[in-house]
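# Report on the structure
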Amino acid sequence: MLDYYLRCALQKTRRHPWLASSLVLIIGLGVAACMTTLSVLRAATRDPMPGVSRMLYAPSIASTGEAAATFAAAQGLVDHATAVRLLSAGGSASVFADYALSGIALPQDPGVHPSVIYGHAVSAAFFPVLRVPFVFGRSWSASEEGNHDLLVVISRKLNDRIFSGRDSVGRTLRYNDATFRVVGVMDDWEPSPRFYDINAGNGYPGTDEDFLVPLESAVANRLGSAGTVSCVEAPDGKGFDALLHSGCLWISVIAMAPTQAGVQALDGVLDGAVRTSVAGGLAGEGLSGRMIPLRSLMEAKHIVPDGTQASVVVSVALFLGCLVTAASLMMSHYLGRHAELGLRRALGARRTDIVAQLLVESALTGLLGGLVGIGLTFLGVATVHRLLPSGPAQLATLQAGPIAIALLGALVATMLSGAYPALSASRAMPLAIIRQG
Amino acid sequence: MLPSRADLLATLRQKASAAFVVLQVAVALAVVANAAFIIVRHAQTMGRDSGVRGGQVFSLTQQWLDLPSAIDKAQVEAINAREIADLQAIRSAPSVENAGVINTLPLTNNLWTTYVGTEPSTRSHGVLVSIYSGDERARATLGLHLASGRDFTPGEVLAQGDGEASAPPVLIVSAHLARRLFGESSALGRLVYLNKGEQPSRVIGVVENLQSPAVYSLSDGSVWDSVLLPIRKASAFTRYIVRAKEGKVESAAAEAKEALYRLDPSRLLTEGSIYKFSDIEADAYQFDRALTYTMIAVSVIMVLIAGGGIFAITTLWVGRRIRSLGVRRALGARRSDIVVLVLVENFFLVALGCLAGIGLAIGLNMMLMKWYEADRISVAMVFAAAAGMVAIGQLAALRPALKSGAIDPGVVIRVI
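Attention here is on the structure that accompanies the text. (Residues numbered from 1 in each chain as written. Chains lettered and ligands numbered in written order. Predicted model: local features only at pLDDT ≥ 70, side-chain atom pairs only at ≥ 80, totals over all residues.)

## Some points on the sheet that holds strand β12 (residues 274-276) of chain B
Residue and element names in this part refer to chain B. Taking strand neighbours across the sheet as the criterion, the 4 strands line up as β2-β11-β1-β12 in an open arrangement whose pairing is antiparallel. One side of each edge strand has no neighbouring strand; the edge strands of this open sheet are β2 (96-101) and β12. Adjacent strand axes in the sheet meet at a mean angle of 25 degrees when their direction is disregarded. (Pairing = 2+ DSSP bridges. Helix = DSSP H or I, 4+ residues; strand = E, 2+ residues; numbered from the N terminus. Axes fitted to C-alpha atoms, helices over the stretch in contact; angles between N-to-C directions.)

## Points about unusual backbone geometry
At the junction of Ser192 of chain A and Pro193 of chain A, the peptide bond is cis and its omega measures out at -5 degrees in the coordinates. Locating Pro193 of chain A in the fold gives a position in the loop between β8 (178-186) and β9 (211-214). You will see that His148 of chain A, though not glycine, has its phi angle at about 60 degrees, which is positive. Its identity as a non-glycine residue notwithstanding, Leu107 of chain B has a phi of 70 degrees, on the positive side. Note on Leu107 of chain B: 22 C-beta atoms within 10 Å, which makes it buried. (Buried ≥ 20, exposed ≤ 12 C-beta atoms within 10 Å, placed from the backbone.)

## With respect to the interface of chain A and chain B
In this assembly, 48 residues from chain A lie in contact with 51 residues from chain B. Of the residues forming the side of chain A that touches chain B, the biggest block, 19 residues, is contributed by helix α12 (residues 308-336) of chain A. (Contact = placed C-beta atoms within 7 Å.)

## Topic: the nonpolar core
All names here are of chain B. Grouped together as the largest cluster of nonpolar side chains are 188 residues, with contacts concentrated most on Leu29 and Val31. The element contributing the most residues to this core is helix α2 (residues 15-46), with 17 residues. Counting residues in each nonpolar core, the second largest holds 66 residues, with Tyr132, Ala187, Val206 and Ile274 among its members. (Core = buried A, V, L, I, M, F, W, Y, C linked by C-beta atoms within 7 Å.)

## Re the packing of α12 of chain A against helix α10 (residues 335-368) of chain B
Following both chains from N to C, one finds α12 of chain A and α10 of chain B inclined at 150 degrees, their axes separated by 9 Å at the closest point. Classed by the angle they form, the pair α12 of chain A and α10 of chain B counts as roughly antiparallel. In this structure, α12 of chain A meets α10 of chain B at a crossing whose hand is right-handed. Here α12 of chain A contributes Ala310, Val313 and Ala317 of chain A to the contact with α10 of chain B, which in turn contributes Leu364, Met367 and Leu368 of chain B. The residue makeup of the contact of α12 of chain A with α10 of chain B, split by class, is 6 nonpolar, no polar and no charged. (Parallel < 35°, antiparallel > 145°, perpendicular 65-115°, else oblique. Left-handed = near helix turned anticlockwise from the far one by under 90°. Nonpolar A, V, L, I, M, F, W, Y, C, P; charged D, E, K, R; others polar.)

## Description of helix α9 (residues 322-330) of chain B
Residues and elements named next belong to chain B. Along α9, the residues that are buried comprise Leu325, Gly326, Arg328 and Arg329. All buried residues of α9 project into a common sector of 155 degrees when viewed along the axis, lining one side. At the exit of α9 stands Gly332, carrying a positive phi of roughly 115 degrees. (Arc of directions from axis to C-beta.)

## A word on the packing of helix α4 (residues 80-87) of chain A against helix α10 (residues 260-276) of chain A
Residues and elements named next belong to chain A. At a minimum axis distance of 9 Å, the contact between α4 and α10 shows a crossing angle of 155 degrees. Comparing their axes, α10 and α4 come out roughly antiparallel. Where α4 crosses over α10, the two elements pack in a sense that is right-handed. On α10, the residues touching Ala81, Thr82, Arg85 and Leu86 of α4 are Leu266, Val269, Leu270, Ala273 and Val274. Broken down by class, the residue content of the contact of α4 with α10 amounts to 7 nonpolar, 1 polar and 1 charged.

As structure tokens, this is what we get:
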């Protein structure tokens, strides 16, 4: 029976090409608008560490004083003294701290130009929490970090650029006026958004992670921060030492806490650290601290650009509008066919047969509309990539899952919108039709 | 002859068709009004005047490779001398009109902030401001309009190392900050204190407008509170700003780069060293622009589709009433009466749809409110969209209306 209806539907499509193609195009445009805006939303709200991020927490300092806005804007960052206390808190949580570095890599091999490289000073727990993979070598050991050895882990890309991709473990990297020994080469691993330095480019810094050095070595060698430094009070004095002993917020801390108890223990450490902090006159600002889930930090930082969700809501409304139009077109089309439908009724077709036939027609329209919509979505996503050369939209892609859902959605929605027209068309009076001839 | 009340009631009796038109118009109105709301919202962000007359301006960043990362007092002087020599070389290039040095630029998100108050070391923090540090030519090169007062003199420009933060004796403020600090009275000659310090700085100039480097992260008011300090920051990294002569940005950039390399070939000038201010603006607002385009596309699609739907329904409905319209004609109604009847019917339904649509538009807007806390759709915008829908409805009904006017009464009567 179904294939008979399908043949009927195809025949109708051939007989009314304009109507059929308008219907398909209308459904397609609605599907494409929803799919394009949704794919951008999916990219913008993507989870940087699937399965892990719900265990990740970041410090948040609140103030009841006048500088409340400064503290609110610097969520995720702490001063050096607080970072040290969080790092040595122990307990069930793994805690790491980091800050951004950038400088010039001076080549030793002839024919390699100096270049600006970007990286982070990180503490040891960074590697297990982020599951950094290695091509060559390894990360540094706790004792090496404690000795303030100048060690560096470089990315595969940087290794390709300055060591022509060979195993560079044991070689040296000249960074500004310091010389680091390479202990490892990382495979590709970077999470997006870069949640451990959320202020840089709002999570999408646009630069690669070229190198990582031990936090303690970086601090001991006075490697200045290339990232956000947020001060309520200017440091007392100048240079790196003044920053180190100030209450300025510049070190990012992330804790991986599998249990609630682990988070609460860190809450206590953080709160105690900021309440007793006298460095830079932080005390007296009515400070309190607690660990907030990574999700809250990302929301507070507006990682998802304003308007992303709004565009999805408006697109869905557009799709509903498309369905209403499709329904009215089907309505007018079916009523125009009342002679044919009446004749079928007169020849013994039941009302359910008529409804079924018309629903198969609308299902076919929906399916074709969905296919056209997916084609248009590819255009839409390509346009979005061109309009938004940086940021999360570059990660917008079309995947099999959403495509399947869109096809099914278009089919079901079109059938629903065709239901009323089909029901009303099935009321065609066989007798009246026959009498008219 | 205008259609009677009975005619309009008859229209409503065509339940399905009437309901489709009303629903169509309501959804379309909600979509178009909210798309317009989003467009206006983001166009306002994009339309902000940074204060920079930027068509001919580019920034040129460079780095000296032969400097240690810790810079002492003697090196501050040496770097200062290098910067002055660099700037002279850039300015002598034929396509260059002016050049200066500055720490950051509007819309680059490269933000330095401090607090400015009108009393020394006050308990209150004062006003949060964005800091620009530059030389005596920075203002003119950027094209910031000097509302009152004067520029820095070369002698007033201090050389400071990294982390040095003593307040300069003079500074320039934005007009918005001047108003916040001093109300309507003139800010010129008044003293302000940076970062709760003891040392006063005297306001010697007020620029009409100077937007913060922060694109989104500052609240609406703070974006316009800026100070320009007469400080040349001495570090290995320098940002020069260059104003090219009219239409000569490309050649000025090439000449400036060449001039710098001639003075010191070992410095680092990268691919991204030259950054035109027009590109800075375009990059900063890329999301707002993309969203605006998307919403324009959505509105156009919605209007076309809704117009098409109304056209289809009106055609259907005229077709179903050929007989009754023909009888009307036979009984003396003129062509124009029939055309007016169809158009008025359409107006009636579209107006009903608009009523429903205003409710739907506001409901949809309340959903959007979750992400746009501060704003709300304006009633004027909804009514403008409603007026637009009425016009589109009439346009869509025009062809079927004219066709119905052309019904031949003779044919219809013969069939009966």
